[in-house]
Amino acid sequence: RRKIDNNDYNDNAESTASAAGARSAFFDYLGIHSNEFATRASLRPCKWFMPSFRYQLRESDYFTRVENQGDVRTQFLSHVYTFDGTFQLRDNLSTTLTASRNTAVTKTPARFSAASNVPSFHGDVDSWLVNTEYWPCPKVAITNLIELSRAENFNDFTFSGLPLGAQFHEVNVVSGVTYTLAKDLSVGLEYGLYTYLPDSRAEAGPYHAHLIRFEVTKKL
């Protein structure tokens, strides 16, 4: 997939130029040009087990231009490798295990600056997921999901004010139940706990979030 997103802004207000001739830094242009590729291979060695492998590539170029300045180009490259294993040990119980490795690197013009000396920085993330679906009876479905993610990429560039590199641990736990009232009508209740724990050297703001959702689905 090839995606081109060009945003040409026309601001109507300008600040008074300073003694150096500089004006406010309004964005005149933002362009995002992306190339994406994905492929997947699956096997079915037996009735109750199906493994699969996915590979995803994303390459993006960001072009930005502020008032009275030239274009600035930033590059992003990501490779995602995902292994899935789906188990159907019983007719009413399905389990999926997933392990994923995302290698990402960002390059900005700052890597050429002798003053900032900020090299390319990484945002590699490892993720593990366990998802189960259980039907105690034909009208009731119970789902449970646990997802763990970890990033260990911290590079200490605090001397330049840029502590770049993703460094965090994330845990998401979601449980829900769905009841089918009729062939075309169902209701569901879901609870989720979301925890994000970043390295304090890289960013501030750990959080714990609770989400309760009630859903009604009607097929027309």
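These lines cover the structure that appears in this document, whether it is placed above or below. Along each chain, the written sequence defines residue order, and numbers are assigned to residues from 1. Under the rules for a predicted model, residues below a pLDDT of 70 receive no local features and side-chain atom pairs below 80 are neither given nor counted, while totals for whole chains, interfaces and linings still include all residues. Hydrogens and waters are ignored; side-chain quantities use all the structure's heavy atoms.

Details of the overall build of the protein chain
Then, number 1: Per the secondary structure count, the protein chain includes zero helices and 11 strands.
Then, number 2: Going from the N terminus to the C terminus, the protein chain shows its helices and strands as β-β-β-β-β-β-β-β-β-β-β.
Then, number 3: Any two residues whose heavy atoms approach within 4.5 Å at even a single point are treated as in contact. Residue pairs in contact within the protein chain that sit at least 24 positions apart in sequence constitute 48% of those at least 6 positions apart.
Then, number 4: For the area figures, the Shrake-Rupley method with a 1.4 Å probe applies, and any residue is considered shielded solely by the protein chains shown. A total accessible area of about 14,400 Å² is found for the protein chain, and carbon and sulfur atoms account for 58% of it. Each helix is a run of DSSP H or I of at least 4 residues and each strand a run of E of at least 2, with the numbering of both proceeding from the N terminus.

A look at a nonpolar patch on the surface
Then, number 1: Each patch is built from residues lacking any salt bridge and having more than 30% relative accessible area; the joining distance is 9 Å for like charges and 5 Å for nonpolar side chains (Val, Leu, Ile, Met, Phe, Trp, Tyr). By definition, a salt bridge exists where a carboxyl oxygen of Asp or Glu is found within 4 Å of a side-chain nitrogen of Lys or Arg. On the surface, Leu97, Trp128, Val130, Ile146, Leu148 and Val171 cluster together to form a nonpolar patch covering roughly 470 Å² of accessible area.
Then, number 2: Counting residues per element, the ones that place at least two in the nonpolar patch are strand S7 (125-137) and strand S8 (140-152).
Then, number 3: Its location among the elements puts isoleucine 146 in strand S8.

A short note on the pairing of strand S3 (residues 49-66)
Then, number 1: Between any two strands, at least two bridges found by DSSP are needed for them to pair. As paired elements, strand S2 (residues 27-42) and S3 share 15 bridges and run antiparallel to each other. Paired with leucine 30 across the two strands is threonine 64, which belongs to S3.
Then, number 2: Pairing of S3 with strand S4 (residues 72-90) involves 16 bridges; the strand directions are antiparallel. Bridging from a neighbouring strand, phenylalanine 63 pairs with arginine 73 of S4.
Then, number 3: Here S3 hands over to S4 after five residues, with asparagine 68 in that stretch at a positive phi of 60°.

Describing the packing of aromatic side chains
Then, number 1: Working definition: rings of Phe, Tyr and Trp (its six-membered ring) pair if their centres are within 6.5 Å, and the pair is stacked with planes under 30 degrees apart, edge-to-face with planes over 60 apart, and tilted otherwise. Following the criterion strictly, the structure yields eight aromatic pairs and no others.
Then, number 2: Taking the centre distance of 6.4 Å and the plane angle of 25° together, the rings of tryptophan 48 and phenylalanine 87 count as stacked. You can see tryptophan 48 sitting in the loop between S2 and S3 and its partner phenylalanine 87 sitting in strand S4, a full 39 residues away along the chain.
Then, number 3: Throughout, exposure labels follow a simple rule: accessible area from a 1.4 Å probe, protein chains only, divided by the maximum for the residue type, with under 20% read as buried, over 50% as exposed, and the rest as partly exposed. A relative accessible area of 42% places tryptophan 48 in the partly exposed class.
Then, number 4: Among the residues examined, phenylalanine 87 registers a relative accessible area of 24% and is labelled partly exposed.
Then, number 5: Here tyrosine 55 and tyrosine 81 contribute two aromatic rings whose centre-to-centre distance is 5.3 Å and whose plane-to-plane angle is 40°, an arrangement assigned as tilted. In this pair, tyrosine 55 sits in strand S3 while tyrosine 81 sits in strand S4, placing the two residues 26 residues apart along the sequence.

Some points on the pairing of S4
Regular strands have side chains that alternate between both faces of the sheet.
Then, number 1: Looking at chain direction, S4 and strand S5 (residues 93-107) are connected through 14 bridges and run antiparallel. Across the sheet, the residue bridging to glycine 85 is leucine 97, located in S5.
Then, number 2: Joining the antiparallel neighbours S4 and S5 is a turn of two residues.

What to know about the environment of alanine 151
Then, number 1: Checked against the element boundaries, alanine 151 lands in strand S8.
Then, number 2: In contact with alanine 151, other than residues within four places in its own chain, are Asp124, Val125, Ala166, Gln167 and Phe168.

Points about the side chain of threonine 98
Then, number 1: Tracing the backbone shows threonine 98 in strand S5.
Then, number 2: By the criterion applied in these results, polar contacts are pairs of N or O atoms within 3.5 Å in which, for protein atoms, one can donate a hydrogen and the other can accept it, and in which residues neighboring in sequence qualify only through two side-chain atoms. Here the side chain of threonine 98 touches aspartate 84 through a polar contact of 2.6 Å, side chain to side chain.
Then, number 3: In contact with threonine 98, other than residues within four places in its own chain, are Thr82, Phe83, Asp84, Ser127, Trp128 and Leu129.

Points about the environment of valine 140
Then, number 1: By the element assignment, valine 140 lies in strand S8.
Then, number 2: By relative accessible area, which is 15% here, valine 140 ends up buried.
Then, number 3: The sequence separation of valine 140 and tyrosine 179 amounts to 39 residues, and the corresponding C-alpha distance is 4.7 Å.
Then, number 4: If we ignore the near neighbours within four places in the chain, the residues touching valine 140 are Tyr134, Trp135, Val177, Thr178 and Tyr179.

A look at the environment of proline 109
Then, number 1: Among the structural elements, proline 109 can be located in the loop between S5 and strand S6 (121-122).
Then, number 2: Proline 109 gets classed as partly exposed once you look at its relative accessible area, which sits at 36%.
Then, number 3: Proline 109 sits 11 residues away from serine 120 along the chain, and the two C-alpha atoms are 9.3 Å apart.
Then, number 4: Once residues within four sequence positions are removed from consideration, proline 109 is found in contact with Val72, Arg73 and Thr74.

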